[in-house]
Amino acid sequence: MNKKQFNIKQLVRGNVANLKPYASARDEYVSDGSKMIFLDANENPFENGVNRYPDPQQRSLKAVLAAQKNVGVHNILLGNGSDEVLDLLFRAFCEPKVDTIITLPPTYGMYNVLSNINNIEEHEVLLTESFQPDVSAILKAITTNTKLIFLCSPNNPTGNSFSEERVLQILDAFSGLVIIDEAYIDFSSKESWIKKIKSYPNLVVTQTLSKAYGLAGIRLGVCYASEEIIAVLNKIKPPYNVNELTQKSALKRVSNQNIVQHEVSKIKAERDVLAKALAQLPFVMYIYESDANFILAKVDDANKRYDQLLQKGIVIRNRSTQPLCENTLRFTVGTEIENNKLIKVLKQL
């Protein structure tokens, strides 16, 4: 996408472009660490650790992420989980009952849910049999009202990463926003698309601390994009969308990369063990290559095998209702003890 061809002003909804964002007390006065008496935000003055409003721009956390990802702090938006980040993209760039989006099933189900919530028409273009984007079909599906294309890579529920060549073809041909959802990127050997945001002004990359960082309970999603895109999203995000406890937990975790990488390595090793075990089972027809912390497998009878595992106290995901995923089960990679139990039970079925 040529930078001269991309015009964010043509993408932003008119009401958002004209919106004067809410200015909170903590936006107007940013503490420099000095001892001050805060009487500006109508807070409860009795200290308990969370009686004050959190930093609305999460500056400390963004500074660490910016250094780690080699981007500017103004290239980052943090949200209450990736779902809030995705919702903000709909609300900023898609006019209800007018604009459309493109998704590539089988994929993450929230894209469909958010399109319905925001009253945006969704055009589905199935992945190929090898679970890759069908570029020619995607380009044919684009209309003058298509604002967003969602690519989940590594993809959920299939686990595979998308071809770089195919993604670049979409980025080059589409004048709207291409959102690459990288929730599982830490388990892949592929490089993040974050490195391309300076070259592609229409590229948006979302990540999460729910998977590799083990912080699903605190709800923190991250959006990386151009300063112009982030500025638009900042206009419409709730003023204090990331709470104080989440910011502190996230800062502690992202600052301790050694532990995170150790856990990721263990999960990837257990993924290999599980894949080999699944390959030896007579009722497993096919195992799909995974760049995520789960494995998708085609079996003889997904409903039967799901129920059998449930009776043994093991909960997995039956993905058979998804396009191209008939009779498939998705196994999240657990601890060594959990995986050994799973493998033992599978061999007894």
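Below is a summary of the structure that appears in this document. Residue indices begin from 1 for each chain and proceed along its sequence in written order. Local features in this predicted model are restricted to residues of pLDDT 70 or higher, and side-chain atom pairs are both shown and tallied only at a pLDDT of 80 or more, whereas totals for entire chains, interfaces and linings draw on every residue. The basis for every side-chain value is the complete set of heavy atoms in the structure, and neither hydrogens nor water enter the calculation.

### Digging into the sheet that holds strand S6 (residues 203-208)
As a reminder of what qualifies: A pair of strands is treated as paired once DSSP finds two or more bridges between them. Per the convention used, a helix needs a DSSP run of H or I reaching at least four residues, while a strand needs a run of E reaching at least two, with both numbered from the N terminus. Axis geometry follows a simple rule: fit a line to the C-alpha atoms, using only the stretch in contact for helices, then measure angles between N-to-C directions, giving values from 0 to 180 degrees. Here a residue-residue contact requires only that any non-hydrogen atoms of the pair lie within 4.5 Å.
The mixed open sheet is built from 7 strands, whose spatial order is S1-S7-S6-S5-S4-S2-S3. If you trace the sheet from one side to the other, it starts and ends with strand S1 (76-79) and strand S3 (121-124), each paired once. Averaged over all adjacent pairs, the angle separating strand axes in this sheet is 25°, with direction ignored. For strand S2 (residues 100-103) and strand S4 (residues 146-152), the ladder comprises 3 bridges, and the chain directions are parallel. The partner of Thr 100 across the bridge, within S4, is Thr 146. Where helix H5 (residues 82-93) meets the sheet, it contacts S1, S2, S4, strand S5 (177-181), S6 and strand S7 (221-224), and its direction lies at approximately 160° from that of S4.

### Comments concerning the packing of aromatic side chains
Spelled out, the test is: Centres within 6.5 Å are what make two rings of Phe, Tyr or Trp a pair, Trp counting through its six-membered ring; a difference in plane orientation under 30 degrees is then read as stacked, over 60 as edge-to-face, and the rest as tilted. Accessibility here uses a 1.4 Å probe with only protein chains present; expressed as a share of the type maximum, an area under 20% marks a residue as buried, one over 50% as exposed, and anything in between as partly exposed.
The final tally for this structure, using the stated rule, is 8 aromatic pairs. A centroid spacing of 5.1 Å and a plane angle of 50° characterise the contact between Phe 131 and Tyr 288, whose relative ring orientation is tilted. Of this pair, Phe 131 sits in the loop between S3 and helix H7 (135-141) while Tyr 288 sits in the loop between strand S8 (284-287) and strand S9 (294-299); the two residues are 157 residues apart in sequence, bridging distant segments of the chain. Aromatic side chains Tyr 286 and Tyr 288 sit 4.8 Å apart centroid to centroid with 70° between the ring planes, which places their arrangement in the edge-to-face category. Assessed through its relative accessible area of 46%, Tyr 286 is described here as partly exposed.

### Regarding the pattern of salt bridges
For the record, the criterion: Put simply, a salt bridge is a Lys or Arg side-chain nitrogen that is within 4 Å of an Asp or Glu carboxyl oxygen.
The final tally for this structure, using the stated rule, is 14 salt bridges. Here Glu 164 makes a salt bridge to Lys 196, at a shortest N to O gap of 3.8 Å. One end of the pair, Glu 164, is in helix H8 (residues 164-173); the other, Lys 196, is in the loop between S5 and S6, with 32 residues separating them in the sequence. Taking the relative accessible area as the measure of exposure, Glu 164 reaches 44% and is therefore partly exposed.

### Comments concerning the layout of surface pockets
Threshold: Method remark: on a 1 Å grid restricted to protein atoms, a set of points is classed as a cavity if a 1.4 Å probe fits but cannot get out and as a pocket if it is open with protein on both sides within 12 Å along at least five of seven lines; lining residues have an atom within 4 Å of a point. Grid points are joined across faces, edges and corners, and a volume is the space filled by probe spheres set on the points. Residues are sorted three ways: Asp, Glu, Lys and Arg are charged, Ala, Val, Leu, Ile, Met, Phe, Trp, Tyr, Cys and Pro are nonpolar, and all the rest, Gly among them, are polar.
Reported here for the largest pocket is a volume of approximately 790 Å³. Around the largest pocket, the lining comprises 27 residues; the ones closest to its centre are Ser 31, Phe 38, Arg 52, Tyr 53 and Glu 244. Broken down by secondary-structure element, the contributors of at least two residues to the lining of the largest pocket are helix H4 (59-69) and helix H10 (244-254). Among the elements that make up the lining of the largest pocket, the one with the highest residue count is H10 (4 residues). For the lining of the largest pocket, the class distribution of residues is 11 nonpolar, 8 polar and 8 charged.

### Description of unusual backbone geometry
Between Pro 105 and Pro 106 the backbone carries a cis peptide bond, its omega angle lying at 0°. Examined against the element boundaries, Pro 106 turns out to sit in the loop between S2 and helix H6 (110-117). For the bond running from Ser 153 to Pro 154, omega is 0°, close enough to zero to count as cis. Within the secondary structure, Pro 154 sits in the loop between S4 and H8. One non-glycine residue, Gln 58, lies in positive phi territory at about 45°. Within the secondary structure, Gln 58 is located in the loop between helix H3 (25-28) and H4. Backbone geometry places Phe 131, a non-glycine residue, at a positive phi of 60°.

### Brief notes about empty space enclosed by the protein
On inspection of all chains with the given rule, the structure shows 1 cavity of 30 Å³ or more. Put simply, the largest cavity is a space of about 60 Å³. What lines the largest cavity is simply Leu 65, Lys 69, Gln 207, Thr 208, Leu 209, Tyr 213, Val 222, Tyr 224 and Val 254. When residues of the lining of the largest cavity are traced back to their parent elements, those giving at least two are H4, S6 and S7.

### Observations concerning the nonpolar core
As a reminder of what qualifies: By nonpolar core is meant a set of buried Ala, Val, Leu, Ile, Met, Phe, Trp, Tyr and Cys residues that side-chain atoms within 4.5 Å join together.
One finds Leu 151 and Tyr 224 to be the most contacted residues of the largest nonpolar core, which totals 51 residues. Per-element tally for this core: the top contributor is H8, with 4 residues. Discounting chain neighbours no more than four positions away, the residues touching Leu 151 are Leu 104, Phe 162, Val 167, Ile 170, Val 178, Ile 179, Ile 180 and Asp 181. Counting 31 residues, the second-largest nonpolar core is a separate cluster that includes Leu 77, Phe 150, Cys 152 and Ala 225.

### Observations concerning the pairing of S5
Most of S5 sits inside the fold, with 5 of its 5 residues counted as buried. On S5, burial covers both faces: Leu 177, Ile 179 and Asp 181 on one face and Val 178 and Ile 180 on the other are all buried. Direction of pairing for S4 relative to S5: parallel, over a ladder of 5 bridges. Within the sheet, the bridge partner assigned to Leu 148 lies in S5 and is Leu 177. Bridge analysis of S5 against S6 gives 4 bridges, and the strand direction is parallel. From the neighbouring strand, Val 178 faces S6, where its bridge partner is Leu 203.

### Some details on the pairing of S2
Of the two faces of S2, both are covered, the one formed by Thr 100 and Ile 102 as well as the one formed by Ile 101 and Thr 103. As judged from the 4 bridges shared by S2 and S3, these two strands associate in the parallel manner. Pairing of Ile 102 across the sheet is with His 123, part of S3.

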